[in-house]
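# Per-entry structural report
Here is what each chain is made of, one letter per residue.
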Amino acid sequence: YTHWLVHTVLSEVDRETLLHKSPVTLGSLCSGMATEDIVARGIERAMHTAGKVSFKIDSAYKAESDSKKLEFLKRHVKSGTLLFDSNSAMSFAEPEDISGVRVLRPVTDVLTMGIVCKDVSGLTQKPKAVSQGQTGASLRSLTDVVSSMQPSERPRLIVLECVKGLGKKRRVDVDHQRGTEVVTTELRKLG
């Protein structure tokens, strides 16, 4: 997919523009198992085969509150990537990393996040509105982090993933919007 994206969707001008922004920095909330790094490596490889051999994506930080996933990240992320034990840590100008060291909050070009899907999945027995439950809490953590940043600190691109149900209108959604509309409305409020 990343090869197709870089070679077919992006024009030569797009690829050259990306190259001039290299290294692109990446931050991640609800990092899970760092699948965004797999995508980043795929984009790098595709850019390299397109002749942009100096293109690079650097992972600046990952935030994850699940202790098992955090243990996985400790073992598998690249050296130099900061780890935080909650999304809320990134709401501070000087968050504390997992080793207890205060650092300046990294400024990144791209922010990725997996919105908690338990309340919007088609498999749930007790669906909730996108703005409520665990899904709503994860959305609020994203908006809290972004709103805590000065405009110059905010990422240029936010990439969110969730289940297909986020894009549907559901009876439980009190505001009668698709979940994706709720998310984009909240982000638009922040500029």
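Model, not experiment: these values are computed from the prediction.

### Regarding the confidence of the model for the chain
- Overall, the prediction assigns the chain a mean pLDDT of 90, with 99% of residues at 70 or greater.
- At the low end of the mean pLDDT range in the chain sits helix α6 (residues 179-189), at 82; at the high end sits strand β3 (residues 82-84), at 97.

### Brief notes about the nonpolar core
- Counting 22 residues, the largest nonpolar core has L29, Y61, F84, M90, L111 and L142 as its most contacted members.
- Of the residues forming this core, the biggest block, four residues, is contributed by helix α5 (residues 133-148).
- Residue contacts for Y61: discarding those within four places in its chain leaves L26, G27, S28, L29, T81, L82, F84, M90, P106, T108 and L111.
- L26, A40, A46 and I57 belong to the second-largest nonpolar core, a separate cluster that totals 12 residues.

### Things to note about the packing of aromatic side chains
- Counted under the stated rule, the structure contains two aromatic pairs.
- A ring pair is formed by Y1 and W4, whose centres lie 5.6 Å apart and whose planes are at 40°; its orientation type is tilted.
- Residue Y1 is classed as exposed on the basis of its relative accessible area, which comes to 71%.
- Each ring, one from Y61 and one from F84, has its centre 6.2 Å from the other, and the planes form 75°; the classification is edge-to-face.

Cut-off values and rules
Residues numbered from 1 in each chain as written. Predicted model: local features only at pLDDT ≥ 70, side-chain atom pairs only at ≥ 80, totals over all residues. Heavy atoms only, no water. pLDDT = per-residue confidence, 0-100. Helix = DSSP H or I, 4+ residues; strand = E, 2+ residues; numbered from the N terminus. Core = buried A, V, L, I, M, F, W, Y, C linked by side-chain atoms within 4.5 Å. Buried < 20%, exposed > 50% of the residue type's maximum accessible area, 1.4 Å probe, protein only. Contact = heavy atoms within 4.5 Å. Phe/Tyr/Trp six-rings, centres within 6.5 Å; stacked < 30°, edge-to-face > 60°.

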